[in-house]
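# A structural walkthrough
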Amino acid sequence: QVQLVESGGGLVQPGGSLRLSCAASGFTFSEFGMSWFRQAPGKERELVAIISNVGNPVQYLDSVKGRFTISKDNAKKTTYLQMDSLNAEDTAVYYCNVQIQGIGYWGLGTQVTVSS
């Protein structure tokens, strides 16, 4: 079965960096693009970044352009989200997502808190 496991979240000061990882299993990872979403308290889940199956970034949320970088290691079956210059508005639970035959699969998420 499809499994996505996020890791790498934590507490970071404004201006700091974190790298999130999403380990995938249960499907042919190299054949699918991957996405990162986030959900802040009281807000709807929003798309942060998309990467193609071969590792080309496709799209970023406007507010993270130039600060976040999505990448994909097909050999390790892992997707990453490098987050730099973090600010309080980036505080959220971050989720990994893959769409397979019209079905969206999600991990449990990893909490990112940006606070001094």
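Placed above this text is the structure.
Residues numbered from 1 in each chain as written. Predicted model: local features only at pLDDT ≥ 70, side-chain atom pairs only at ≥ 80, totals over all residues. Heavy atoms only, no water.

Moving on, we come to the pairing of strand E1 (residues 3-7). By the alternation rule, side chains of E1 split into Leu4 and Glu6, which are all buried, and Gln3, Val5 and Ser7, of which none is buried. Note: E1 against strand E3 (residues 18-25), five bridges, orientation antiparallel. Each residue of the ladder has a partner; that of glutamine 3, found in E3, is serine 25. (Buried < 20%, exposed > 50% of the residue type's maximum accessible area, 1.4 Å probe, protein only. Helix = DSSP H or I, 4+ residues; strand = E, 2+ residues; numbered from the N terminus. Pairing = 2+ DSSP bridges.)

In this structure, Phe27, Met34, Trp36, Leu81, Met83 and Tyr94 are the most contacted members of the largest nonpolar core, which totals 29 residues. Put simply, the parts of the chain that give this core at least two residues each are E3, strand E4 (34-39), strand E5 (46-51), strand E7 (68-73), strand E8 (78-83), strand E9 (92-100) and strand E11 (110-114). When residues of this core are assigned to their parent elements, the largest contribution, five residues, is made by E9. (Core = buried A, V, L, I, M, F, W, Y, C linked by side-chain atoms within 4.5 Å.)

Attention now moves to the packing of aromatic side chains. For any pair of aromatic rings, geometry is given as the distance between the ring centres together with the angle between the planes. Inspection of the entire model under this criterion finds four aromatic pairs. Seen from their ring centres, phenylalanine 37 and tryptophan 106 are 4.9 Å apart, and the 65° between their planes marks the pair as edge-to-face. Placement of phenylalanine 37 in strand E4 and of tryptophan 106 in strand E10 (residues 103-106) is noted, with a sequence separation of 69 residues between them. By relative accessible area, phenylalanine 37 is classed as buried at 17%. Here the aromatic rings of tyrosine 95 and tryptophan 106 are separated by 6.3 Å at their centres, their planes lie at 90°, and the arrangement is edge-to-face. Of this pair, tyrosine 95 sits in strand E9 while tryptophan 106 sits in strand E10, and the two are eleven residues apart along the sequence. By relative accessible area, tyrosine 95 is classed as buried at 13%. Each residue in the set Phe27, Phe29 and Phe32 is aromatic and connected to the rest through ring pairs, giving one cluster. (Phe/Tyr/Trp six-rings, centres within 6.5 Å; stacked < 30°, edge-to-face > 60°.)

Now for the state of the cysteines. This model, assessed by the stated rule, comprises one disulfide. Across a sulfur-sulfur distance of 2.1 Å, cysteine 22 and cysteine 96 are joined as a disulfide pair. Taking the sign of the S-S torsion, -85° for the link of cysteine 22 and cysteine 96, the bridge is left-handed. Here cysteine 22, found in strand E3, pairs with cysteine 96, found in strand E9; they are 74 residues apart in sequence, far enough to count as distant. A relative accessible area of 0% places cysteine 96 in the buried class. (Disulfide = S-S within 2.5 Å.)

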